[in-house]
Amino acid sequence: MKVAIHAGAAFTDDGRLFKSLQTNGDALGQNNVALLGPRRYRQLFKSTFRVLNTRPPLPDELETLRNQLSSSQDIRRIVFSNEGFVGNKETLLAEGQFYPLAGKRLSVLQEAFGDGGVELFMALRNPGSLIPKHLMSLPEKQRKEVIRKNDLSHLSWVEMIEDIRDFAPGVRITLWCNEDTPFIWGDIVRCVGGLPGDTQIIGEYDLLISLLTDDGQEQAQALLDQDTAQSRAEQRYALAQILEDHARPDKIEEELDLPGWTEEVIDAFSELYEQDVATLEAMDGVRVLRP
């Protein structure tokens, strides 16, 4: 049995993937995949992760965790979606990196379910927008403390993934850029759900369509309704053109009101972000989904 973990990152999902997996529940069921919700995450994992603050989990605690997820012989895959797997809001940015607890937490899951038994799925987001969005979500005192204790200029996703590879080398990792999500939503659902590549996904382009003006939505829907032999890549290229011409500014533009966070800072982070993703694509045990 495989355990598939969708772990955020923060400010990339808002529960959308879990809802989409629920909508496609028939396809999951036909492929012997179980989807467990936030309550089961809290019941199964929160106490296990909490003890990591003081000690490693005991063998009988790991055995209990295994047994609680092995109740049905028919289930070949269990899917969870909760960003708490790699850290809560307080540890999104700490100790000079993103999610410094991620490696240790994934090592617990690897120990419980064995090499190859756990798959991690995460959307990455440009730190140029993630950092100010996270900081401005914190109370002022806490925000100042985070800024004081962390060198924001050196934050990189590569460090987090390297930690996970060091602590839990048997965990397979699938990543994608949050900025690409509207175009590859169906691929994300299929990968997290362990579904065949030709599985039809309900609402595959709903997210992209929600970013369009009324005219753009009509054009996109007409394109998707065409009974043609267009490849998936050709279809996505055409949808990208529609989005470029008919995007709703209020849906794709974001105010980043952290003092001192200029366009120059964002551009610098964007360049580093592209370099990080290229580095991750070349890393063993890591797959990056692209449009």
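Starting from 1, residues in each chain are numbered consecutively following that chain's sequence as written. Where totals are concerned, whole chains, interfaces and linings use all residues; where local detail is concerned, this predicted model gives features only for residues with pLDDT of at least 70, and gives and counts side-chain atom pairs only at 80 or more. The side-chain quantities take in all heavy atoms of the structure and omit both hydrogens and water.

Focus: the sheet that holds strand S6 (residues 118-124)
Working step 1: Strand pairing is assigned whenever DSSP identifies at least 2 bridges connecting the two strands. Helix numbers and strand numbers start at the N terminus; a helix is a DSSP run of H or I with at least 4 residues, a strand a run of E with at least 2. Taken together, the 6 strands give an open sheet; going across it, the order is S2-S3-S1-S6-S7-S8, and neighbouring strands pair in parallel fashion. Each having just a single partner strand, strand S2 (33-36) and strand S8 (286-289) make up the two edges of the open sheet. Recorded for the sheet is a direction-independent mean angle of 20 degrees between the axes of neighbouring strands.
Working step 2: Of the pairings in the sheet, the one linking strand S1 (residues 2-6) to strand S3 (residues 77-81) comprises 5 bridges and is parallel in character. Considered in S3, the bridge of Ile 5 is made with Phe 80.
Working step 3: Here helix H1 (residues 16-23) sits on the sheet in contact with S1, S2 and S3, set at roughly 135 degrees to S2.
Working step 4: Sheet strands in contact with helix H14 (residues 263-281) are S6, strand S7 (172-177) and S8, and its direction is about 130 degrees off that of S8. Between the N-to-C directions of two axes lies an angle of 0 to 180 degrees, each axis being a line fitted to C-alpha atoms and, for a helix, fitted only over the stretch in contact. For this analysis, residues touch if any pair of their heavy atoms sits within 4.5 Å.

A word on the pairing of S3
Working step 1: Only protein chains enter the accessibility calculation, which uses a 1.4 Å probe; a residue is then buried when its area is under 20% of its type maximum, exposed when over 50%, and partly exposed in between. Among the 5 residues that make up S3, 5 are buried, leaving the element largely enclosed by the rest of the structure.
Working step 2: Of the two faces of S3, the one carrying Arg 77, Val 79 and Ser 81 and the one carrying Ile 78 and Phe 80 are both buried.
Working step 3: When S2 meets S3, the two strands line up parallel, connected through 4 bridges. What sits directly across from Leu 36, in S3, is Phe 80.

Structural measurements only, silent on function.
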